[in-house]
Amino acid sequence: QVQLVESGGGLVQAGGSLTLSCAASGSIFTINAMGWYRQAPGKQRELVAIITSGGSTNYGDSVKGRFTITRDNAKNTVYLKMNSLKPEDTAVYYCNAVGRLRAETDFISWGAGTQVTVSS
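Residues numbered from 1 in each chain as written. Predicted model: local features only at pLDDT ≥ 70, side-chain atom pairs only at ≥ 80, totals over all residues. Heavy atoms only, no water.

1. Considering the overall build of the protein chain
Defined as follows: Secondary structure elements are taken from DSSP: a helix is a run of H or I of four residues or more, a strand is a run of E of two residues or more, and numbering for both begins at the N terminus. Restricting the calculation to C-alpha atoms gives the radius of gyration, and the globule rule supplies 2.2 Å times the number of residues raised to the power 0.38. The buried label goes to any residue with under 20% of its type's maximum accessible area, the exposed label to any with over 50%, and the partly exposed label to all in between, with areas taken from a 1.4 Å probe on protein chains only. Only heavy atoms enter the contact rule, under which two residues are in contact if any of them lie within 4.5 Å.
When its secondary structure is counted, the protein chain shows 0 helices and 11 strands. When the helices and strands of the protein chain are read in sequence order from the N terminus, they spell out β-β-β-β-β-β-β-β-β-β-β. For a compact globule of 120 residues, the expected C-alpha radius of gyration is about 14 Å, and the protein chain comes in at 14 Å, within 12% of that figure. Reported as C-alpha extents along the three principal axes, the dimensions of the protein chain are approximately 50 × 25 × 20 Å. Looking at the protein chain residue by residue over its 120 residues, the buried ones come to 38%. A separation of at least 24 residues holds for 54% of the contacts in the protein chain among residues at least 6 apart in sequence.

Quick look at the structure:
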């Protein structure tokens, strides 16, 4: 149906930067929103940032002012630029997409996740 492929995770020192990418493919008619969530060991999955097809954004409180989400609608790709990374940003980051298939069926899809580790 819809596949999400994430890239860009890795190990970075505190204060550093990383950019995550997520590309969606499949029988997509439209993607209403794409976003990133994260889950640290022993914690619940939480919102990092989302962006609608119109460009509206929403961020989790802990990343406001440090992370920026952007989107290329033509490529069905979303990016997350992460600056001033902190050890507490360490988590598995999951891409999410919500939209409609060509068969006029709504979908919600998740990527497999990419590890981000911030060392102190």
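2. A short note on the pairing of strand β10 (residues 106–110)
Our working definition: A pair of strands is considered paired only if DSSP assigns at least 2 bridges between the two.
Burial along β10 is one-sided: F107 and S109 are buried, while D106, I108 and W110, pointing the other way, are not. Taken together, strand β9 (residues 91–101) and the strand that follows it, β10, pair antiparallel across an intervening segment of 4 residues, in which E104 is found at a positive phi of about 60 degrees.

3. Observations regarding the layout of surface pockets
To keep it simple, the criterion reads: Here a cavity means grid points, on a 1 Å grid over the protein atoms only, where a 1.4 Å probe fits yet cannot get out; a pocket means an open set of points with protein on both sides within 12 Å along at least five of seven lines; lining residues are those with an atom within 4 Å of a point. Grid points are joined across faces, edges and corners, and a volume is the space filled by probe spheres set on the points. Classification used: nonpolar for Ala, Val, Leu, Ile, Met, Phe, Trp, Tyr, Cys and Pro, charged for Asp, Glu, Lys and Arg, polar for all others including Gly.
Each pocket or cavity is described by its volume, and for the largest pocket that value is around 160 Å³. Residue lining of the largest pocket: 13 residues in total, with R38, A40, K43, E46 and E88 positioned closest to the centre. Looking at the lining of the largest pocket, its residues break down into 2 nonpolar, 4 polar and 7 charged.

4. Here we look at the pattern of salt bridges
Filter applied, for reference: Each reported salt bridge corresponds to a side-chain nitrogen of Lys or Arg within 4 Å of a carboxyl oxygen of Asp or Glu.
Across all of its chains, the model carries 5 salt bridges by this definition. Note that D106 and R100 form a salt bridge whose closest N and O atoms lie 2.8 Å from each other. Judged by its relative accessible area of 51%, D106 falls in the exposed class. We classify R100 as partly exposed; its relative accessible area is 33%. Residues joined by salt bridges that share partners form a network here, namely R38, E46, R66 and D89.

5. A closer look at the nonpolar core
We count it as follows: What we call a nonpolar core is a set of buried Ala, Val, Leu, Ile, Met, Phe, Trp, Tyr and Cys residues that are connected through their side-chain atoms within 4.5 Å.
In this structure, W36, L80, M82 and Y93 are the most contacted members of the largest nonpolar core, which totals 31 residues. Where this core is concerned, the elements lending two or more residues are β1 (2–7), β3 (18–26), β4 (28–39), β5 (46–52), β7 (67–72), β8 (77–82), β9 and β11 (114–119). Counting residues per element, this core draws most heavily on β9, at 5 residues. L80 has contacts with L18, T19, L20, W36, V48, A49, F67, T68, I69 and Y93, leaving out every residue within four places of it along the chain.

6. Regarding the state of the cysteines
In plain terms, the rule: Defined by distance alone, a disulfide is two cysteine sulfur atoms within 2.5 Å.
What the rule picks out here adds up to 1 disulfide. A sulfur-sulfur separation of 2.0 Å characterises the disulfide bridge that pairs C22 with C95. Given an S-S torsion of about -85 degrees, the disulfide between C22 and C95 has left-handed geometry. Of this pair, C22 sits in strand β3 while C95 sits in strand β9, placing them 73 residues apart in sequence. Note on accessibility: C22 and C95 belong to one class, buried.

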